[in-house]
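# Summary of the model geometry
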Amino acid sequence: PPAVPSLCGIPLKYISLITLAVQNSALTIIMHYSRVSTPSSRAYSAATAVLMNEILKGLISLVIAFVRIDTGYPHDMVQAPSSILTRLRKLSRDVFSQDCWKLSIPAILYVIQNNLQYVAASNLEAATFQVTYQMKILTTAAFSVLLLRKKLSPAQWLSLLFLAIGVGVVQIQDLAPTAATVSVGPKSMDQMKGFIAVVAACFTSGLAGVYFEMVLKNSQTDLWVRNVQLSLFSLLPAFAPVVFTQRHHVTRGTTSLFSILFHNFGAWAWTTVSVQVLGGLVTAMVIKYSDNILKGFATSLSIVISFLASVALFDFKMTFTFILGSAIVLVATWLYNQQPKHAGYLKEPIGWN
Ligand code: C5P
């Protein structure tokens, strides 16, 4: 059997899933805090943050793709190291391949989603946002079934239902403010706007994720090359909102492009972007080594992690409903991962590698 990709003996599948769960809890809290802790007049530009996210992720993916070129993708063949020029040529051939346009679809969807996420995080409590955002598990399952013709066993459908119930139960006890519901500062929130943004983001998340999975798993092209293509196609759509939202600075004609982009862009903004870059890279790995539906379970575990962090750091009291809800989420995750007993249910469509 082919070797399972691993790091220090631990399969990458599990490393990436756990990292994603931790990253997700951190991002929810940091993004919310970074948006609401200052008044609107001193807020950093979310559009710049999305653009920076794409640029940094693209550059990191480019370096990884460059380093990996001689380790022999798509097949692990041992070969003599090639010169830098040969590598660069090979890399640009891969990046600007005939089918690179396919990445434009998830690229645009992700840019929309990443902008919507800031609208949601600025207008909803962190915990409300985190829980409502779990609806993307259902949109992802729906798109996986529709586009990838993924067959889910009855047990897996049941686990999706359990997951939805578990997430709801965790939420019931969340009436008192906790660390996961950090609501600080002077900025007012518009719940309806936040809710619409989060629902729209669930749809783009499901569609973009499944589309990326489809492109990735239907070809031999390296994951990191795909990521570079994704970032390249994101640049233009990510730049457009920057111009749109910052045009009043432009018309005043006072400052340079640099100072327009990075107006109020302080430590919290850079922290948010860094955590998001990590998330993008890990998400890509999760989609490669597991699948989008399993990714949903990892992020739902992040709710449990957020609450545990609240207990440890902020003396948050654990309640019966929290333990019950978390237990249901964990059981659902376990249930989804059970291999179907008979051949009628395929984990992946025929023809995939
Ligand atoms: O919430 P969801 O899992 O759909 O979010 C996916 C996030 O991961 C988006 O911010 C997207 O930009 C990022 N991503 C990425 N590279 C990929 C796939 C997703 O940066 N290959």
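Predicted model, so just to flag it, every value in this text is computed and none were measured.

Definitions and limits used
Residues numbered from 1 in each chain as written. Predicted model: local features only at pLDDT ≥ 70, side-chain atom pairs only at ≥ 80, totals over all residues. Heavy atoms only, no water. Helix = DSSP H or I, 4+ residues; strand = E, 2+ residues; numbered from the N terminus. Buried < 20%, exposed > 50% of the residue type's maximum accessible area, 1.4 Å probe, protein only. Contact = heavy atoms within 4.5 Å. Areas by Shrake-Rupley, 256 points an atom, 1.4 Å probe, with all protein chains shown as cover. Salt bridge = Lys/Arg side-chain N within 4 Å of Asp/Glu carboxyl O. Axes fitted to C-alpha atoms, helices over the stretch in contact; angles between N-to-C directions. Parallel < 35°, antiparallel > 145°, perpendicular 65-115°, else oblique. Left-handed = near helix turned anticlockwise from the far one by under 90°. Nonpolar A, V, L, I, M, F, W, Y, C, P; charged D, E, K, R; others polar. Near = heavy atom within 4 Å. Polar contact = N/O pair within 3.5 Å; in protein donor to acceptor, adjacent residues only side chain to side chain. pLDDT = per-residue confidence, 0-100. Phe/Tyr/Trp six-rings, centres within 6.5 Å; stacked < 30°, edge-to-face > 60°. Lys NZ or Arg CZ within 6 Å of the ring centre and 35° of its normal. Patch = residues over 30% accessible without salt bridge, like charges linked within 9 Å, V, L, I, M, F, W, Y side chains within 5 Å. UniProt positions renumbered as here; feature names shortened; annotations may be inferred. Core = buried A, V, L, I, M, F, W, Y, C linked by side-chain atoms within 4.5 Å. Expected span 1.5 Å × (residues − 1). Bend = angle between axes of the 7 residues up to and from the residue.

With that settled, consider the overall build of the protein chain. The number of helices and strands found in the protein chain is 14 helices and 2 strands. The buried share of the protein chain, taken over its 353 residues, is 49%. By sequence separation, contacts in the protein chain at least 24 residues apart represent 86% of the contacts at least 6 residues apart. Entry remark: accessible area of the protein chain is about 17,200 Å², with carbon and sulfur atoms responsible for 71%.

Scanning all chains against the criterion turns up 6 salt bridges. Close ionic contact of Arg68 with Asp222 constitutes a salt bridge, the shortest N to O distance being 2.7 Å. With a gap of 154 residues between them, Arg68 in helix H2 (residues 46-68) and Asp222 in the loop between helix H8 (191-217) and helix H9 (223-245) connect regions that are remote in the sequence. The exposure class of Arg68 is partly exposed, given its relative accessible area of 30%. Between Glu213 and Lys150 there is a salt bridge whose closest N-O contact spans 3.4 Å.

This next bit is on the packing of H8 against helix H12 (residues 267-289). The contact between H8 and H12 brings their axes to 10 Å, and the two run at 60°. Our classification of the angle between H8 and H12 gives oblique. Where H8 crosses over H12, the two elements pack in a sense that is right-handed. Across from Gly209, Phe212, Glu213, Leu216 and Lys217 in H8, the residues of H12 making contact are Ala284, Ile287 and Lys288. The residue makeup of the contact of H8 with H12, split by class, is 4 nonpolar, 1 polar and 3 charged.

Our next topic: the site of the ligand. Around the ligand, the structure places 14 residues, and the nearest of them are Lys57, Asn114, Lys136, Ser205 and Lys295. In this structure, an oxygen atom belonging to the ligand sits 2.5 Å away from a side-chain N or O atom of Lys136. Take Ser205: an N or O atom from its side chain is 2.5 Å from an oxygen atom of the ligand. Here the ligand, which alone exposes 470 Å², has 92% of that area covered by the protein. Going through the elements one at a time, helix H4 (104-123), H8, H9 and H12 are the ones with two or more residues in the shell around the ligand. By residue class, the composition of the shell around the ligand is 5 nonpolar, 6 polar and 3 charged.

Looking at the protein chain, the pLDDT average stands at 82 and 83% of residues meet or exceed 70. With pLDDT under 50 throughout, residues 175-184 is counted as low confidence; its partners more than four residues away or in other chains account for 23 contacts. Of the two predicted TM-score estimates for the complex, the pTM is 0.82 and the ipTM is 0.96.

On to the packing of aromatic side chains. Scanning all chains against the criterion turns up 7 aromatic pairs. Ring geometry for Phe262 against Trp270: centres 5.8 Å apart, planes inclined by 20°, an arrangement best described as stacked. Aromatic rings pair up to connect Tyr44, Tyr118, Phe258, Phe262, Phe265 and Trp270 into one cluster. Its guanidinium or amino end placed over the ring of Tyr44, Arg35 lies 4.6 Å from that ring's centre, counting from NZ or CZ.

The next point concerns a nonpolar patch on the surface. Judged by side-chain polarity, Ile55, Leu56, Leu59, Leu62, Phe96, Leu232, Leu235 and Trp270 come together as a nonpolar surface patch covering roughly 680 Å² of accessible area. Counting only elements with at least two residues in the nonpolar patch, the list comes to H2 and H9. Among the elements that take part in the nonpolar patch, H2 stands out by supplying 4 residues, more than any other. Here Ile55 is to be found in helix H2.

On to the UniProt feature "transmembrane region" (unreviewed entry) in the protein chain. Sequence positions flagged by UniProt for "transmembrane region" (unreviewed entry) are, in local numbering, residues 155-172, 192-212, 224-245, 265-287, 294-314 and 320-337. For residues 265-287, the end-to-end C-alpha separation is 31 Å, with 91% helix and 0% strand making up the annotated structure.

Further remarks concern the nonpolar core. Ranked by internal contacts, the top residues of the largest apolar core, which has 45 residues, are Tyr118, Phe212, Leu223 and Phe265. Every element with two or more residues in this core is listed here: helix H1 (12-36), H2, helix H3 (84-95), H4, H8, H9 and H12. With 8 residues, H12 is the largest single contributor of residues to this core. Counting residues in hydrophobic clusters, the runner-up holds 23 residues, among them Val282, Val286, Val304 and Tyr336.

This paragraph deals with H9. For the α-helix, the turn length of 3.6 residues means that residues three or four positions removed from each other point alike. Its 23 residues place the ends of H9 33 Å apart at the C-alpha level, agreeing with the 33 Å of an ideal helix rising 1.5 Å per residue. Bending of H9 peaks at approximately 35° at the position of Leu235, with proline Pro237 no more than four residues after it. Near the N-terminus of H9, the side chain that reaches the backbone nitrogen of Trp224, with its oxygen 3.1 Å away, is that of Asp222.

We now examine the packing of helix H6 (residues 136-147) against H8. Each packed pair of helices is defined by two parameters, the angle between the axes and the distance between the axes. With their axes 8 Å apart at the nearest point, H6 and H8 run at an angle of 40° to one another. Overall, the two elements H6 and H8 adopt an arrangement that is oblique. Along this stretch, H6 crosses H8, giving a crossing that reads as right-handed. On the side of H6, the interface is formed by Lys136, Thr139, Thr140, Phe143, Ser144 and Leu147, while H8 contributes Cys202, Phe203, Ser205, Gly206, Leu207, Val210 and Met214. Residues belonging to the contact of H6 with H8 are distributed by class as follows: 7 nonpolar, 5 polar and 1 charged.

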